[in-house]
Amino acid sequence: MPRIAYVNGRYVPHRDAAVHIEDRGYQFADGVYEVCEVARGVIVDMTRHLDRLDRSLRELEIAWPMSRRTLEIAIHEVIRRNRVSDGLVYLQVTRGVASRDHVFPADAKPAMVITAKRTDRGTLARRWESGVKVITVPENRWERVDIKTIGLLPNVLAKQKAKLAGALEAWFVGADGVVLEGASTNAWIVTKDGVLVTRPADHGILRGVTRTTVFDVARKEGLSIEERGFTVEEALGAREAFITSATTVVMPVVEIDGRVIANGHPGSVSMTLRKAFFDVAEKTPVW
Ligand code: PDD
């Protein structure tokens, strides 16, 4: 079945889908994006993802390319046309096409791309069972990582370094030794007392939608959360560690820089959170 992409108002075969060479996303990474999980035929936490898209666009003074309602319709349509019931939907908005000049163009129209793909739930399930390894890298990103921009070169380099080390994720660590977040996930630990710890999201990290929903899950499960920084040493001495994102949900971390956490197996708290996540998250059935 041919994949279909949405590009600026048209549904086109994925293999032919293209944007202009002077799209500012291509030239300046001048754009924002979202990744939403599709699971069992529903879009997970769409409202929160679109709220964050709205915030990212406002922070960069990029206009909405269409109404929110029209965007929702296009998201459903791309998922439906690609027959994705378990997978991901990707949205990207750039400032549009203009002759190359750093300053904002006066009349560019924001460009919108939507794709959807199936993902291998087997691999995900196996990783949930085994847990994953992370490495640490020094923070080298700009200070506005709270905006979900497509400027991801430090994240790309960190992820590649992780892959070469046999790990799934890289945690950015600040000059003060505090873990910020992963290259594409938020970072958490569970203390010996069973308290969930994750860094505050006011600055320095992306406020993950999965992170926000895990707060709801924790409340329901009667678990307490402390929003504070933690060091790599604290994580190594923790009862559990895990990462959250639309692509991993709640993924146990069993090793940091080659050093094993607890008994090297996923812990019960991250498993409880993952299992309860889908029930608690907002579920929008695909039309
Ligand atoms: N990444 N931190 C960073 C730097 C991220 O890129 C992401 C998401 C997250 C988790 O956010 P959420 O829970 O809303 O997915 C945290 C997406 C999945 C990506 O770039 O593929």
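Only a predicted model underlies this, so the values are computations on that prediction, with no experimental measurement involved.

Q: Please set out the nonpolar core residue by residue, giving values where relevant.
A: The biggest cluster of nonpolar side chains holds 40 residues, and the ones touching the most others in it are Trp 171, Leu 196, Phe 230, Val 253, Ile 256 and Leu 273. Apart from the residues lying within four places of it in its own chain, the contact partners of Leu 273 are Leu 196, Val 214, Val 217, Ala 218, Leu 223, Phe 242 and Val 250. Judged by nonpolar contacts, the second largest core, of 26 residues, contains Val 38, Leu 53, Leu 57 and Ile 79.

Q: I'd love a proper account of the pairing of strand β8 (residues 169-173), names of residues and values included.
A: By the criterion of burial, β8 is predominantly enclosed, with 5 of the 5 residues buried. Residues Glu 169, Trp 171 and Val 173 of β8 are buried on one face, and the alternating residues Ala 170 and Phe 172, pointing to the opposite face, are buried as well. Sheet analysis places strand β7 (residues 132-138) next to β8, joined by 5 bridges and oriented parallel. Residue pairing for β8: Ile 135 is matched across the bridge by Ala 170. Each parallel crossover has a hand, and for β7 linked through helix α5 (residues 153-164) to β8 it is right-handed. For β8 and strand β9 (residues 179-182), the ladder comprises 3 bridges, and the chain directions are antiparallel. Bridged to Trp 171 within β9 is Gly 182. The hairpin turn running from β8 into β9, its antiparallel successor, is 5 residues long, and Gly 177 in that turn takes a positive phi close to 85 degrees.

Conventions and cut-offs
Residues numbered from 1 in each chain as written. Predicted model: local features only at pLDDT ≥ 70, side-chain atom pairs only at ≥ 80, totals over all residues. Heavy atoms only, no water. Core = buried A, V, L, I, M, F, W, Y, C linked by side-chain atoms within 4.5 Å. Buried < 20%, exposed > 50% of the residue type's maximum accessible area, 1.4 Å probe, protein only. Contact = heavy atoms within 4.5 Å. Helix = DSSP H or I, 4+ residues; strand = E, 2+ residues; numbered from the N terminus. Pairing = 2+ DSSP bridges. Right-handed = clockwise from strand over helix to strand, strands pointing away.

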